[in-house]
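# Analysis of the macromolecular model
Below, each chain spelled out in residue letters.
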Amino acid sequence: MIDTTSLQRLQRAARPRSPSALSNALVFGWRAVLKFKHVPEQLFDLVMTPIMFTLLFTFVFGGALAGSPGEYLQFFLPGILVQTVVFNAVYSGMGLSTDLGKGLFDRFRSLPIWSLSPFAGLMVGDILRHLIAASIILIIGLILGYRPEAGILGVLAAFAMLIAIGFGMGWVFIVLGLLIRTPTTVMTLGFTFLFPLVFASNIMVDPGTMPDWLRAFVEVNPVSLMTTALRGLMGGGATLSQVVLALIAPVALTAILAPTTLWLYLRR
């Protein structure tokens, strides 16, 4: 039994402050980071596809498309960085769908935390994945002969844009993860949505030789706008309008889908 003195001390004890939204997000972000430790094969999936794309397209198609693999690599590498980040965003929805299936989010909802913190944690994990994959691709590109003409500042600006692109695209697949029950279906629908955007873009080829109807789509394709801006940032010729156009889609997706995510989460 608790004596009177102990009871008085408990009554006088100050109640701990509620954790801030940032603190909540960082805790869930650390949880996302720990997944790499416990499921290291995720890193293999993360980097092998972009590595294969980089090597195959550079050496198989580079000579035919640009005259030499080296010339093609200068054109192609910024685009493969965009493609890698866009494809990796699918893992947000897959991870969310897995956690929902295990009942983890039912437990999270009962905790006195910021409602969006589990999703913010997923985004922190996404950013880490994007940085790891983009760094590996850039290192391989440098080994193969790619040279960013804008130097280290251009590379840093390009990586900042990649984070913004990944953050915005991640909301699409978080919504899919909330709506779809199985991770496999999330992946299938995600890539079905992404393939036309990625391959009908200027990532791999200049759209100048495409039919007029296809070129009209490619020129306004958000993935093309992102790739053009990234090429400019790394090559030293980016304009403010290119950067703004590239950021329209990520900003719009965040503004629309972040509240949608919260609504679906609370409704579910």
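Scroll up a little and you will see the structure.
So, here is what we can say about the structure in this document. Computed from a predicted model, the values in this text were never measured in an experiment. (Residues numbered from 1 in each chain as written. Predicted model: local features only at pLDDT ≥ 70, side-chain atom pairs only at ≥ 80, totals over all residues. Heavy atoms only, no water.)

### So, the layout of surface pockets
Stated precisely, the cut-off is as follows: Think of a 1 Å grid over the protein atoms and nothing else: a 1.4 Å probe that fits but is trapped marks a cavity, an open set flanked by protein within 12 Å on at least five of seven lines marks a pocket, and residues with an atom within 4 Å of a point count as lining. Grid points are joined across faces, edges and corners, and a volume is the space filled by probe spheres set on the points. Secondary structure elements follow DSSP: runs of H or I of four or more residues count as helices, runs of E of two or more count as strands, with numbering from the N terminus. Classification used: nonpolar for Ala, Val, Leu, Ile, Met, Phe, Trp, Tyr, Cys and Pro, charged for Asp, Glu, Lys and Arg, polar for all others including Gly.
Taken as a whole, the second largest pocket encloses approximately 170 Å³ of empty space. Elements supplying a minimum of two residues to the lining of the second largest pocket: α3 (41–66), α4 (69–88) and α9 (183–199). Looking at the lining of the second largest pocket element by element, the count peaks at five residues for α3. Of the residues belonging to the lining of the second largest pocket, the class tally is eight nonpolar, four polar and one charged.

### Quick look at the pattern of salt bridges
Here is the rule we go by: Take a side-chain nitrogen of Lys or Arg and a carboxyl oxygen of Asp or Glu: if they are within 4 Å of each other, that pair is a salt bridge. Only protein chains enter the accessibility calculation, which uses a 1.4 Å probe. A residue is then buried if its area is under 20% of the maximum for its type, exposed if over 50%, and partly exposed in between.
Scanning the entire structure with this criterion turns up two salt bridges. Arg 129 is the salt-bridge partner of Asp 126, the closest N and O atoms lying 2.0 Å from each other. Taken together, the residues Asp 126 and Arg 129, both in helix α7 (residues 117–144) and three residues apart, mark about one turn of the helix. Between Arg 215 and Asp 212 there is a salt bridge, with the nearest N and O atoms lying 2.6 Å from each other. Placement of the pair is Arg 215 and Asp 212 together in helix α10 (residues 212–220), with a separation of three residues, close to one helical turn. Exposure remark for Arg 215: the relative accessible area of 22% places this residue in the partly exposed category. The exposed category is assigned to Asp 212, whose relative accessible area is 57%.

### Examining empty space enclosed by the protein
On inspection of all chains with the given rule, the structure shows one cavity of 30 Å³ or more. One number sums up the size of the largest cavity: a volume of about 30 Å³. As for the largest cavity, its lining consists of Phe 28, Arg 31, Ala 32, Asp 99, Phe 105, Pro 118, Gly 121 and Leu 122. For the lining of the largest cavity, the residue count by class is five nonpolar, one polar and two charged.

### Observations regarding the packing of aromatic side chains
The cut-off we apply is this: Only Phe, Tyr and Trp rings are paired, with Trp represented by its six-membered ring, and only when their centres lie within 6.5 Å; those with planes under 30 degrees apart are stacked, over 60 edge-to-face, the remainder tilted. In this analysis the charged atom, NZ for Lys or CZ for Arg, is taken to sit over a ring once it is within 6 Å of the ring centre and within 35 degrees of the ring normal.
The final tally for this structure, using the stated rule, is 11 aromatic pairs. Note on Phe 87 and Phe 191: the rings are 5.3 Å apart at their centroids and 75° apart in plane angle, and the pair reads as edge-to-face. Highlighted residues: Phe 87 in helix α4 and Phe 191 in helix α9, separated in sequence by 104 residues. Residue Phe 87 is classed as buried on the basis of its relative accessible area, which comes to 9%. Note on Phe 191: relative accessible area 24%, which makes it partly exposed. Judged by centre distance (5.3 Å) and plane angle (65°), the rings of Phe 195 and Phe 199 are edge-to-face. Taken as a pair, Phe 195 and Phe 199 lie in helix α9 at a separation of four residues, close to a single helical turn. Look at Phe 195 and you get partly exposed, because its relative accessible area is 40%. Classification of Phe 199 as partly exposed rests on a relative accessible area of 35%. An aromatic cluster of at least three residues, connected via ring pairs, comprises Phe 53, Phe 57, Phe 61, Tyr 72, Phe 75, Phe 76, Phe 87, Phe 191, Phe 195 and Phe 199. Here Arg 231 stacks its cationic end above the ring of Phe 75, 3.7 Å away from the centre of that ring.

Fair warning: the whole summary comes from geometry, so function is off the table for now.
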